[in-house]
Amino acid sequence: MLDAIWGFFLIGGILTAAFLGRMDMVTAAVIGGGRSAVELAITMAGVIAMWSGILKIAEKGGMIDSLSEKMTPAMDFLFPSVPRHHKARQYIAANFAANFLGLGWAATPAGLMAMKELQKLNKEKERATGAMCMFLTVNMSSLQLVTVNILAYRTEFGSAAPAEIVGVGIAATFLTTLVGIIAAKIMDREG
Amino acid sequence: MRLLLVISDFIIPATVLLILCFGCLKRVKLYEAFLEGAQEGLKTVAEILPTLIGLIVAVEVFRAGGLLDLMTDFIRPLAEGLGFPAELAPLSIIRLVSSSAATGLLLDIFQNFGPDSFLGRVSSVMMSCTETVFYTMSLYFLSVGIRKTRYTLGCALLANFVGVAAAVILVEMVFGK
């Protein structure tokens with residue numbers, strides 16, 4: 001699936017450019033895209049290393065374990081195939097908590113570690129497990145309560161009440177997560 | 001509003017402080033643990049770098065070649081037919097692929113219609129309740145070598161679609177057109 005989308009982006013992009021006479025822009029995109037990816041990785045490296053360090057302290061202090069324990073009913077419902085006290089649960093809990101608070105940079109390392117742990121429980125290494133599908137669906141349904149960036153942009157563009165959309169935003173976020181969970185649950189049951 | 005911004009200034013330092021204090025109480029060797037984690041973090045970044053390069057180049061080519069514009073032009077009449085504001089069609093598509101490009105479009109909407117207009121409000125909500133599906137999925141699945149992603153994309157797109165629809169309907173209900 002990912003191969004298909006990736007190929008479609010590149011092949012489709014280049015063919016369209018050939019028809020529209022935008023090859024120069026594609027050339028720039030190929031070269032510039034690689035560079036901006038490395039630039040992004042360098043920015044990420046500092047922040048992710050910092051958060052991974054802090055997370056490790058939280059992990060060794062038993063904080064993440066107690067966090068995931070507090071989330072046990074939700075975890076049992078969402079990830080019945082992942083045993084209690086398994087590391088995957090702890091990293092998933094850390095990822096959800098960080099996303100919730102809007103700490104995207106802290107959520108990424110926890111999420112990647114959660115995927116590694118989930119992969120250890122996977123028997124068919126190339127096929128996603130139900131727990132992985134659920135984890136990513138919830139993750140991609142957006143968990144963040146208040147998107148501070150958006151509020152900052154609204155302020156910058158002279159909004160009279162930048163925060164007036166927060167309530168609606170939370171309601172919409174709640175809906176997307178709910179729909180994502182229901183859909184993933186139904187699909188998991190169907191096999 | 002002020003309170004929210006103050007809280008957001010506090011979140012990162014407060015989280016770090018809380019974790020450090022807790023670690024102290026549990027007699028964790030703070031700096032040693034930090035270094036161990038930071039090393040793992042750096043390794044993670046190095047591991048995902050190739051995925052990142054592939055992703056960003058694909059998205060850039062997709063945008064620069066004009067395919068993205070073609071797709072939004074194609075979807076625009078469909079969106080209008082459903083009563084969805086056509087100005088928001090590009091944003092709802094681009095949001096799936098690139099967060100920075102979506103932010104650019106959001107700021108265009110703020111510039112042209114104002115953040116307190118119907119479109120400004122809807123796009124603000126849309127940005128809050130959706131995610132860059134393609135990027136997140138590729139990064140997380142490819143980092144562990146998963147090729148068969150099963151129903152993840154379908155569920156994520158459904159949740160995304162619900163988010164876009166909810167943004168339009170809720171804003172209309174709460175603030176009017």
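Owing to the predicted nature of the structure, the values given are computational and were not obtained by experimental measurement.

Brief notes about the overall build of chain A
And then number 1: Looking only at helices and strands, chain A has nine helices and zero strands in total.
And then number 2: Put simply, chain A runs from its N terminus to its C terminus through helices and strands in the order α-α-α-α-α-α-α-α-α.
And then number 3: Reported as C-alpha extents along the three principal axes, the dimensions of chain A are approximately 55 × 50 × 35 Å.
And then number 4: Counting the 191 residues in chain A, one finds 48% classified as buried.
And then number 5: Sequence-distant contacts in chain A: of pairs separated by 6 or more residues, those separated by 24 or more amount to 61%.

What about the overall build of chain B?
And then number 1: The number of helices and strands found in chain B is eight helices and zero strands.
And then number 2: Reading chain B from its N terminus to its C terminus gives the helix and strand order α-α-α-α-α-α-α-α.
And then number 3: Relative to the 2.2 N^0.38 estimate, which gives 16 Å for 177 residues, the radius of gyration of chain B is 20 Å and therefore markedly larger than a compact globule would have.
And then number 4: With the C-alpha coordinates of chain B rotated into their principal frame, the extents come out at 60 × 45 × 30 Å.
And then number 5: Residues classed as buried in chain B amount to 45% of the 177 residues present.

Let's talk about the nonpolar core
Across soluble globular proteins, you tend to see nonpolar side chains buried next to one another.
And then number 1: By size, the foremost hydrophobic cluster in this structure holds 112 residues, and its most contacted members are Val125(B), Met137(B) and Ala167(B).
And then number 2: Looking at which element gives the most residues to this core, the answer is helix 2 (residues 30-64) of chain B, with 14 residues.

Here's the deal with the packing of helix 7 (residues 130-140) of chain A against helix 7 (residues 133-143) of chain B
And then number 1: Where helix 7 of chain A meets helix 7 of chain B, the axes come as close as 10 Å, and the angle between the chain directions of the two elements is 145°. Along this stretch, helix 7 of chain A crosses helix 7 of chain B, giving a crossing that reads as right-handed. Contacts between helix 7 of chain A and helix 7 of chain B pair Leu136(A), Asn139(A) and Met140(A) from the former with Val133(B), Thr136(B), Met137(B) and Tyr140(B) from the latter.
And then number 2: When its residues are assigned to classes, the contact of helix 7 of chain A with helix 7 of chain B shows five nonpolar, two polar and no charged.

Things to note about helix 7 of chain A
And then number 1: Burial runs high along helix 7 of chain A: eleven of the eleven residues are buried.
And then number 2: Taken residue by residue, helix 7 of chain A has Gly130(A), Ala131(A), Met132(A), Cys133(A), Met134(A), Phe135(A), Leu136(A), Thr137(A), Val138(A), Asn139(A) and Met140(A) as its buried positions.
And then number 3: In this structure, the buried residues of helix 7 of chain A make contact with helix 4 (72-78), helix 5 (87-101), helix 6 (104-120) and helix 9 (166-190) of chain A together with helix 7 and helix 8 (152-175) of chain B.

Notes on the interface of chain A and chain B
And then number 1: Chain A puts 88 residues into the contact, and the matching count from chain B is 85 residues.
And then number 2: Of all elements in the fold, only helix 1 (2-20), helix 2 (23-60), helix 6, helix 7, helix 8 (148-156) and helix 9 of chain A reach the threshold of two or more residues within the side of chain A that touches chain B.
And then number 3: Ranked by the residues each element gives to the side of chain A that touches chain B, the list is headed by helix 2 of chain A, at 26 residues.
And then number 4: Of the residues belonging to the side of chain A that touches chain B, the class tally is 56 nonpolar, 24 polar and eight charged.

Description of unusual backbone geometry
And then number 1: Within the chain, Ser142(A) stands out as a residue other than glycine whose phi angle is a positive 70°.
And then number 2: By secondary structure assignment, the location of Ser142(A) is in the loop between helix 7 and helix 8.
And then number 3: One non-glycine residue with positive phi stands out, namely Arg27(B), at about 55°.
And then number 4: Here Arg27(B) is to be found in the loop between helix 1 (2-25) and helix 2.
And then number 5: C-beta crowding within 10 Å serves as the criterion here: with 9 such atoms nearby, Arg27(B) is assigned to the exposed category.

Some words on the packing of helix 1 of chain A against helix 2 of chain B
And then number 1: At a closest axis distance of 8 Å, the pairing of helix 1 of chain A and helix 2 of chain B adopts a crossing angle of 35°. Here the hand of the crossing between helix 1 of chain A and helix 2 of chain B comes out left-handed. Along its contact with helix 1 of chain A, which presents Trp6(A), Phe9(A), Leu10(A), Gly12(A), Gly13(A), Ile14(A) and Ala17(A), the element helix 2 of chain B presents Gly54(B), Ala58(B), Val59(B), Val61(B), Phe62(B) and Ala64(B).
And then number 2: Residues of the contact of helix 1 of chain A with helix 2 of chain B, tallied by class, amount to ten nonpolar, three polar and no charged.

A few points about helix 2 of chain A
And then number 1: Between its first and last C-alpha atoms helix 2 of chain A spans 53 Å; for 38 residues at 1.5 Å apiece the expected length is 56 Å, and the two agree.
And then number 2: Among the residues trailing helix 2 of chain A, Gly62(A) stands out with phi positive, at a value near 80°.

Here we look at the confidence of the model for chain B
And then number 1: For chain B, mean pLDDT is 91; residues scoring 70 or higher make up 99% of the total.
And then number 2: Complex prediction metrics read pTM 0.92 and ipTM 0.91.

With respect to the domain arrangement of chain A
Residue and element names in this part refer to chain A.
And then number 1: Each assigned domain of chain A is listed with its residue range as follows: domain 1 (1-61) and domain 2 (62-191).
And then number 2: Computed over C-alpha atoms, the centres of domain 1 and domain 2 are 22 Å apart.
And then number 3: Each partner contributes to the interface: domain 1 provides eight residues, whereas domain 2 provides nine residues.
And then number 4: When grouped by side-chain class, the residues that make up the side of domain 1 that touches domain 2 number five nonpolar, two polar and one charged.

Considering the environment of Glu47(B)
And then number 1: Tracing the backbone through its elements, the reader meets Glu47(B) in helix 2.
And then number 2: Note: C-alpha distance between Glu47(B) and Ser143(B) (96 residues apart in sequence) is 7.4 Å.

A look at the environment of Ala41(A)
And then number 1: Position of Ala41(A) relative to the elements: it lies in helix 2.
And then number 2: Overall, Ala41(A) belongs to the partly exposed group, with 18 C-beta atoms counted inside 10 Å.
And then number 3: It is 29 Å that separates the C-alpha atoms of Ala41(A) and Leu67(A), two residues lying 26 residues apart in sequence.
And then number 4: The contacts of Ala41(A), once residues within four sequence positions are left out, are Val45(B), Leu49(B) and Leu52(B).

Calculation notes
- Residues numbered from 1 in each chain as written.
- Chains lettered and ligands numbered in written order.
- Predicted model: local features only at pLDDT ≥ 70, side-chain atom pairs only at ≥ 80, totals over all residues.
- Helix = DSSP H or I, 4+ residues; strand = E, 2+ residues; numbered from the N terminus.
- Buried ≥ 20, exposed ≤ 12 C-beta atoms within 10 Å, placed from the backbone.
- Contact = placed C-beta atoms within 7 Å.
- Rg over C-alpha atoms; globule rule 2.2 N^0.38 Å.
- Core = buried A, V, L, I, M, F, W, Y, C linked by C-beta atoms within 7 Å.
- Axes fitted to C-alpha atoms, helices over the stretch in contact; angles between N-to-C directions.
- Left-handed = near helix turned anticlockwise from the far one by under 90°.
- Nonpolar A, V, L, I, M, F, W, Y, C, P; charged D, E, K, R; others polar.
- Expected span 1.5 Å × (residues − 1).
- pLDDT = per-residue confidence, 0-100.
- Domains from an automatic or database assignment.

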